[in-house]
Structures are given as C-alpha cells and as structure tokens.
Amino acid sequence: MSKIRVTVWSEGLDPKLEPKAVACYPDDINACIGGFLSRHDDLQVTLHTLSEPENGLSQEILDNTDVLIWWSHLYNDQLSDEASNRVVEAVLNGMGLMLLHSSMGCKPARAMLGRNSNGGKYREIGERERVWVVNRSHPIMEGLEKEYIDVPQSEMYGEPYGMATPDDILFISWFEGGEVLRSGVTWHKGAGKIFFFTSGHEEFPTYHLPEIQKVITNGTRWLKPTHTPGLSFRGNLDKVTPLSPINLEGK
C-alpha cells in the first residue's frame, strides 16, 4: 500500500514577537506535528514554511501532496495570491486540507469557504477547554477513549463564529468562561475534503497532548484523496467541448 504524502505547512514563528511560542515549539509547530505523524508507517511527511521560495507551496510540492496540514495566524496576508490559487486548485482536484487553530483566516480558506470564515468571540488567558465529541461514528474519532478531550490551557474562540455552514460537526468546545465553539468541522469541496480543528494555540503545548495528536493523525488519514473518474478543474474551461443535445423524441 502506498503511503499518504503529507505536507505540514506553517507560517513560521518569530522569536522576537513570539518568544513564548518558540519556547514551546523551538523547531516550529510544523516540526512538532510532522514529528508525531512520522511515527506512523503509512504517512510520508515533509515540512514547508511561508518563508521558502513560492511560499513553500510550489506546484511541484502540491503535486506530491495528498494531504496539506496548514497552521497560520499572524501572516495570512503575506501568502501570495498565486500560492493560494494553487492550493485551492489542488483541493478541488482531490487534495485534503487540514486547517489548524486560527487558520480559517488564510487566503485558501477564505477563497473556498467565504470571507465570513473568521471572527467571533476571542479571549487569550490560558483557560481550560473541553473538546466534546458530537459525532461518535466519524473515522476521525477512531481510538479516542473518552467522550471529550481536556486541554488544560487554551485560547478561546467562541460562537457566533463566522464560518460557512459545515457539512459535518465533529467537535464542540466549551471554555471556562462559558463560551462554546464548533471546533471540529468538515466540508467537501470539488473532489477534496477540508477538516478545520481549532485546538492548538502556539503558546501552549496542545500539540503534545496524545488525544490531539490522535485527532490530527486520524484526520490526515480521512483527508486522503479518493481517486475517482471525473472532470479536472485545471485548464481553460473555454476549451471544453459542449455535449450534444439530448434527443427527447428518440429520433
């Protein structure tokens, strides 16, 4: 069986602006995520960042990616439109996309899910988050032993949270202040799938929690492309040959 080719992408952490984040993830968040994913024999992991040529999202990289895991929060506007368009086209053609934490504000997400795909209540005081499982039958729940995941310290994002109506709601988070959030949701776009999972603030060791790692690992496998025959979204649609008219009279 061929391995799932996973690209873990991060905008990178700035030691001057984000010293707490660098202390928590000294080799960057993508290295932490890529590290625990690499322990699984069915996953082939590569790491890329915003600062690389073509923002680490060249056509060659995306052509060799089955699942793209995306982490960003501060520098969404620094991503080029060309790189964003390549990601959107790759998803429409079957690549899976996992949006972590506050990545809903990135250009590809806003292009596919609408400009309302961010915003809502916000607070950063390191309060407890309880991530409740609300769809127990979904493959992403495989191996979770409890009906919730406790995150000791978290950044609160709460409803009403501006996101496109999801195809499925997998998790709902509760925070100590009483707010709630649809914190794990999915969409189908073209031939691809999107999984948005919010738990994972950069200043807290959320991605070291075994349950969070299990969700991300299961999500990666669920996002694997399904190769079925169909139209490609690539190319000039003006060149498509129109179908012959249907003869309803049987002549």
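Scroll up for the structure.
Only a predicted model underlies this, so the values are computations on that prediction, with no experimental measurement involved. Sequence order as written defines the numbering, with residues in each chain counted from 1. Where local features are concerned, this predicted model is filtered to residues with pLDDT of at least 70; where side-chain atom pairs are given and counted, the filter is 80 or more; whole-chain, interface and lining totals use all residues. Note that water and hydrogens are dropped before the side-chain values are worked out from all heavy atoms of the structure.

Aromatic rings from Phe, Tyr and Trp, with only the six-membered ring used for Trp, were paired whenever their centres fell within 6.5 Å, and each pair was classed as stacked if the ring planes differed by under 30 degrees, edge-to-face if by over 60, and tilted otherwise. Taken as a whole and judged by the stated rule, the model has 8 aromatic pairs. Here the aromatic rings of Phe171 and Phe197 are separated by 5.5 Å at their centres, their planes lie at 50°, and the arrangement is tilted. Residue Phe171 is located in strand 7 (residues 168-175), and its partner Phe197 is located in strand 9 (residues 192-197); the two are separated by 26 residues in the primary sequence. For Phe171, a relative accessible area of 0% corresponds to the buried category. Classification of Phe197 as buried rests on a relative accessible area of 0%. In this description a helix means any DSSP run of H or I spanning at least four residues, a strand means any run of E spanning at least two, and both kinds are numbered starting from the N terminus. Exposure is judged per residue with a 1.4 Å probe applied to protein chains only, and the accessible area is read against the type maximum: over 50% gives exposed, under 20% gives buried, and values in between give partly exposed.

Before going further, it helps to examine the side chain of Thr65. Along the chain, Thr65 falls in the loop between helix 3 (59-63) and strand 3 (67-71). Owing to a relative accessible area of 5%, Thr65 belongs among the buried residues under this scheme. Pairing of N or O atoms within 3.5 Å defines a polar contact, subject to two protein rules: one partner must be a possible hydrogen donor and the other a possible acceptor, and residues neighboring in sequence count only if both atoms are side-chain atoms. Of the polar contacts made by the side chain of Thr65, one reaches the side chain of Thr7; its length is 2.7 Å. At a separation of 2.7 Å, a polar atom in the side chain of Thr65 contacts the main-chain carbonyl oxygen of Ile61. Residues contacting Thr65, with those up to four places away along its chain left out, are Arg5, Thr7 and Met95. We call two residues contacting when some pair of their heavy atoms lies within 4.5 Å.

Within this document, salt bridges are pairs made up of a side-chain nitrogen of Lys or Arg and a carboxyl oxygen of Asp or Glu, the two lying within 4 Å of each other. This model, assessed by the stated rule, comprises 9 salt bridges. A salt bridge links Asp150 to Arg128; the shortest N-O distance between them is 3.6 Å. Here Asp150 is found in strand 6 (residues 148-158), whereas its partner Arg128 is found in strand 5 (residues 121-133), with 22 residues between them in sequence. For Asp150, a relative accessible area of 29% translates into the label partly exposed.

With that settled, the discussion passes to the environment of His227. Here His227 shows up in the segment after helix 6 (210-222). Judged by relative accessible area, His227 falls into the exposed class, the value being 71%. His227 sits 134 residues away from Asn93 along the chain, and the two C-alpha atoms are 9.5 Å apart.

With that settled, the discussion passes to unusual backbone geometry. Omega for the bond connecting Glu159 with Pro160 falls within 30 degrees of zero, at 5°, which places this linkage in the cis form. Tracing the backbone through its elements, the reader meets Pro160 in the loop between strand 6 and strand 7. Phi at Asn55 is positive, roughly 60°, even though this residue is not glycine. As for its position among the elements, Asn55 is in the loop between strand 2 (43-49) and helix 3. You will see that His101, though not glycine, has its phi angle at about 55°, which is positive. Looking at the secondary structure, you find His101 in the loop between strand 4 (96-100) and helix 5 (107-113).

All right, on to the pairing of strand 1 (residues 4-10) then. Side-chain direction in a regular strand flips from residue to residue, so the side chains alternate between the two faces of the sheet. Of all 7 residues making up strand 1, 6 are buried, and the element is well covered by its neighbours. The pairing criterion for strands is at least two bridges between them, as found by DSSP. Pairing of strand 1 with strand 2 involves 7 bridges; the strand directions are parallel. The residue bridging Trp9 from the neighbouring strand is His48, located in strand 2. Bridging between strand 1 and strand 3 involves 5 bridges; their strand directions are parallel. In the sheet register, Ser10 faces strand 3, and the bridge partner there is Trp71.

Attention now moves to helix 2 (residues 29-37). Counting buried residues in helix 2 gives 7 out of 9 residues, a clear majority hidden from the surface. Listed in full, the buried residues belonging to helix 2 are Ile29, Asn30, Cys32, Ile33, Gly34, Phe36 and Leu37. If you follow the buried residues of helix 2, they end up packed against strand 1, strand 2, strand 3, strand 4 and helix 6.

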